[in-house]
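This is what each chain is made of:
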Amino acid sequence: TDLASSSPSSSSTDPPSESPTSSTADPASSFPTSPTPSTCIDSPYKAIMKMAGDGSKILLSCDAIDISLDASKTFCQPDGRLATHCPSSCGTCNGEMLADSKAQFLYEAVTGPAKLRTCKWLRKINDGRREKHCTKNESLRNTCRYTCNNSTEASDVFH
């Protein structure tokens, strides 16, 4: 069936106004939004870093990074481990920075002793245990950002 009328209606509409009308409604508020993670979060865990020269290993917190020093510039290379572990301190943020840390870090579990871990370890454990670790531990969520935020999709990403 054709819904168009062969004769226009007799009712008239007002002509457009000369000036725009104001509205108190925010057009963006009518769209559903999901929570956005902070754009760039350093891991709260200390990372294991190998020193140039003698090759000794140290535990380094993101708070201890001074990017004005040459040594920190070496640690904070864009493709390096510390750049993904401490993106805010290293100045290596990229978009929302949901990448997993590539560094080995001192993992302080909610229960039990601290252990050296990587996000690769977290990706390899079964989904239920991974979800439990991520849910209960905000520090882990801020370190293994991709794995904890996309736990069912992250098994083959960021090795």
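Reading guide: rules and limits
- Residues numbered from 1 in each chain as written.
- Predicted model: local features only at pLDDT ≥ 70, side-chain atom pairs only at ≥ 80, totals over all residues.
- Heavy atoms only, no water.
- Helix = DSSP H or I, 4+ residues; strand = E, 2+ residues; numbered from the N terminus.
- Buried < 20%, exposed > 50% of the residue type's maximum accessible area, 1.4 Å probe, protein only.
- Areas by Shrake-Rupley, 256 points an atom, 1.4 Å probe, with all protein chains shown as cover.
- pLDDT = per-residue confidence, 0-100.
- Contact = heavy atoms within 4.5 Å.
- Phe/Tyr/Trp six-rings, centres within 6.5 Å; stacked < 30°, edge-to-face > 60°.
- Polar contact = N/O pair within 3.5 Å; in protein donor to acceptor, adjacent residues only side chain to side chain.
- Patch = residues over 30% accessible without salt bridge, like charges linked within 9 Å, V, L, I, M, F, W, Y side chains within 5 Å.
- Salt bridge = Lys/Arg side-chain N within 4 Å of Asp/Glu carboxyl O.
- Lys, Arg positive; Asp, Glu negative; His and termini not counted.
- Charge placed at Lys NZ, Arg CZ, Asp CG, Glu CD.
- Disulfide = S-S within 2.5 Å.

Asker: Looking at this structure, I do not really get the overall build of the chain. What am I missing?
Answerer: For the chain, the helix and strand inventory stands at seven helices and four strands. Of the regular secondary structure in the chain, the N- to C-terminal order runs β-β-α-α-α-β-β-α-α-α-α. Across the 159 residues of the chain, 30% fall into the buried class. When the accessible surface of the chain is totalled, it reaches about 11000 Å², and 50% of it is carbon and sulfur.

Asker: Sorry if this is basic, but what is going on with the confidence of the model for the chain here?
Answerer: Residues at a pLDDT of 70 or more form 62% of the chain, whose mean pLDDT is 73. Here residues 19-37 is a poorly scored stretch, pLDDT under 50, and it has three contacts once near neighbours within four places are set aside; other chains count. Contacts from residues 151-159, a stretch scored under 50 in pLDDT, to residues over four places away or in other chains number 16 contacts.

Asker: Help me understand the environment of A109, please; the structure alone is not making it clear to me.
Answerer: You can see A109 is positioned in the loop between β3 (105-107) and β4 (115-117). Look at A109 and you get partly exposed, because its relative accessible area is 24%.

Asker: Any chance you could explain the packing of aromatic side chains here in plain terms?
Answerer: The description of two aromatic rings rests on the distance between their centres and on the angle between their planes. Per the stated rule, a full pass over the model turns up three aromatic pairs. Centroid distance Y45 to Y107: 5.8 Å. Interplanar angle 75°. Geometry classified as edge-to-face. Remark: Y107 occurs in strand β3 and Y45 occurs in the segment before β1 (47-50); sequence separation between them is 62 residues. Just as Y45 is buried, Y107 falls in that class too. We classify Y107 as buried; its relative accessible area is 4%. Chaining the aromatic ring pairs together yields one cluster made of Y45, F105, Y107 and W121.

Asker: Where do I start with the side chain of T147 in this structure?
Answerer: In this structure, T147 sits in helix α7 (residues 145-149). Polar side-chain contacts of T147 include one of 2.5 Å to the side chain of D100.

Asker: Just checking my understanding: could you explain a positive patch on the surface for this structure?
Answerer: On the surface, K115, R129, K132 and K136 cluster together into a patch of positive charge. With three residues, helix α5 (residues 127-136) is the largest single contributor of residues to the positive patch. By relative accessible area, R129 is classed as partly exposed at 44%.

Asker: Explain the pattern of salt bridges to me, please; I cannot follow it from the model alone.
Answerer: If the charged atoms of two oppositely charged side chains come close together, the side chains can form a pair. This structure, assessed with the given rule, holds two salt bridges. A salt bridge links D100 to R123, with the nearest nitrogen and oxygen atoms 2.7 Å apart. Remark: R123 occurs in helix α4 (residues 119-124) and D100 occurs in the loop between α3 (87-90) and β3; sequence separation between them is 23 residues. A single burial state applies to D100 and to R123, both of which are buried.

Asker: When you look at the state of the cysteines in this model, what are you seeing that I'm missing?
Answerer: Tallied over the full model, the rule gives five disulfides. Here C40 connects covalently by a disulfide to C93, the sulfurs 1.7 Å from one another. Judged by the sign of its S-S torsion, about -70°, the bond between C40 and C93 is left-handed. Of this pair, C40 sits in the segment before β1 while C93 sits in the loop between α3 and β3, placing them 53 residues apart in sequence. Judged by relative accessible area, which is 17%, C40 ranks as buried. Under the relative-accessibility criterion, C93 is labelled partly exposed at 39%. Residue C62 pairs covalently with C86 via a disulfide, S to S 1.9 Å.

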